[in-house]
Amino acid sequence: MHELGIVDGVLSTVRSTVRHEGAKRALGVTLRIGDMTEVVRESLDFAWDVLREEDPLTADCVLTVEEVHPASVCRACGASFDHDTRHLRCPACGSGDTRLLHGRELDIVSVEIEDSDE
């Protein structure tokens, strides 16, 4: 379950951000995850619920996920197209010579923190 490692890394970054900013705690995190990473959302949510509670800085932090669906461009004919995780062949010319444009993202988009002044 690589979702556990992903969540562990995200929470480590969130805790570092909270400390660096001198904040009280993290309120929310938004991740951008591409379908091609094959992250299982239920496993991600389970790992999030378990690991975030281990530290008061992240105990109440809410996870939001932006899903990114795959899109590619055909190197043979130049057509751009959306697809699922298994069908990468160009629908315009049938070529398998394609380049993935979107779908492998695994990014922290934002971290919402509570300032110590609030």
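Higher on the page you've got the structure.
Caption draft 1: Fine view of the pairing of strand E1 (residues 23–34). Here nine bridges tie E1 to strand E6 (residues 106–115), and the two strands are oriented antiparallel to one another. Bridging from a neighbouring strand, Arg25 pairs with Glu114 of E6. Handedness of the crossover is the feature at issue here: the chain leaves E1, passes through helix H2 (residues 41–52), returns alongside strand E2 (residues 62–68), and the resulting connection is right-handed.

Caption draft 2: Inspection of the sheet that holds E6 at higher detail. One open sheet accounts for three strands, arranged E2-E1-E6; its pairing is mixed. The sheet is open, and its two borders are formed by E2 and E6, each paired with just one other strand. Ignoring strand direction, the axes of neighbouring strands in this sheet form an average angle of 20°. Where H2 meets the sheet, its contacts fall on E1 and E2, and the angle it forms with E2 comes to roughly 160°.

Caption draft 3: Structural view of the pattern of salt bridges. Scanning the entire structure with this criterion turns up nine salt bridges. We note a salt bridge from Asp55 to Arg19, for which the minimum N-O separation is 3.7 Å. Of the two residues, Asp55 sits in the loop between H2 and E2 while Arg19 sits in helix H1 (residues 2–21), which places them 36 residues apart along the sequence. A salt bridge links Arg41 to Asp45, with the nearest nitrogen and oxygen atoms 2.9 Å apart.

Caption draft 4: Structural detail: H1. End to end, H1 covers 29 Å across 20 residues, agreeing with the expected 28 Å (1.5 Å per residue, within 8%). Along H1, the positions that sit buried rather than exposed are Glu3, Ile6, Val7, Val10, Leu11, Val14, Arg15 and Val18. In an axial view of H1, the angular spread of the buried residues amounts to 165°, which keeps them on one side of the axis. Residues of H1 that are exposed and point over 90 degrees away from its buried face: Arg19 and His20. Of the surrounding secondary structure, the elements contacted by the buried residues of H1 are E1, H2 and E6. At the exit of H1 stands Gly22, carrying a positive phi of roughly 65°.

Caption draft 5: Up close: the side chain of His83. Assignment of secondary structure puts His83 in the loop between strand E4 (80–82) and strand E5 (98–102). Polar side-chain contacts of His83 include one of 2.7 Å to the side chain of Ser72. At 3.5 Å, the side chain of His83 and the backbone oxygen of His87 are in polar contact.

Caption draft 6: Representation of the side chain of Arg52. Mapped onto the elements, Arg52 comes out in helix H2. For Arg52, the side chain forms a polar contact with the main-chain oxygen of Ala59, separated by 2.6 Å. Apart from residues lying up to four places away in sequence, Arg52 is in contact with Leu11, Thr58, Ala59, Asp60 and Cys61.

Thresholds applied
Residues numbered from 1 in each chain as written. Predicted model: local features only at pLDDT ≥ 70, side-chain atom pairs only at ≥ 80, totals over all residues. Heavy atoms only, no water. Pairing = 2+ DSSP bridges. Helix = DSSP H or I, 4+ residues; strand = E, 2+ residues; numbered from the N terminus. Right-handed = clockwise from strand over helix to strand, strands pointing away. Axes fitted to C-alpha atoms, helices over the stretch in contact; angles between N-to-C directions. Contact = heavy atoms within 4.5 Å. Salt bridge = Lys/Arg side-chain N within 4 Å of Asp/Glu carboxyl O. Expected span 1.5 Å × (residues − 1). Buried < 20%, exposed > 50% of the residue type's maximum accessible area, 1.4 Å probe, protein only. Arc of directions from axis to C-beta. Polar contact = N/O pair within 3.5 Å; in protein donor to acceptor, adjacent residues only side chain to side chain.

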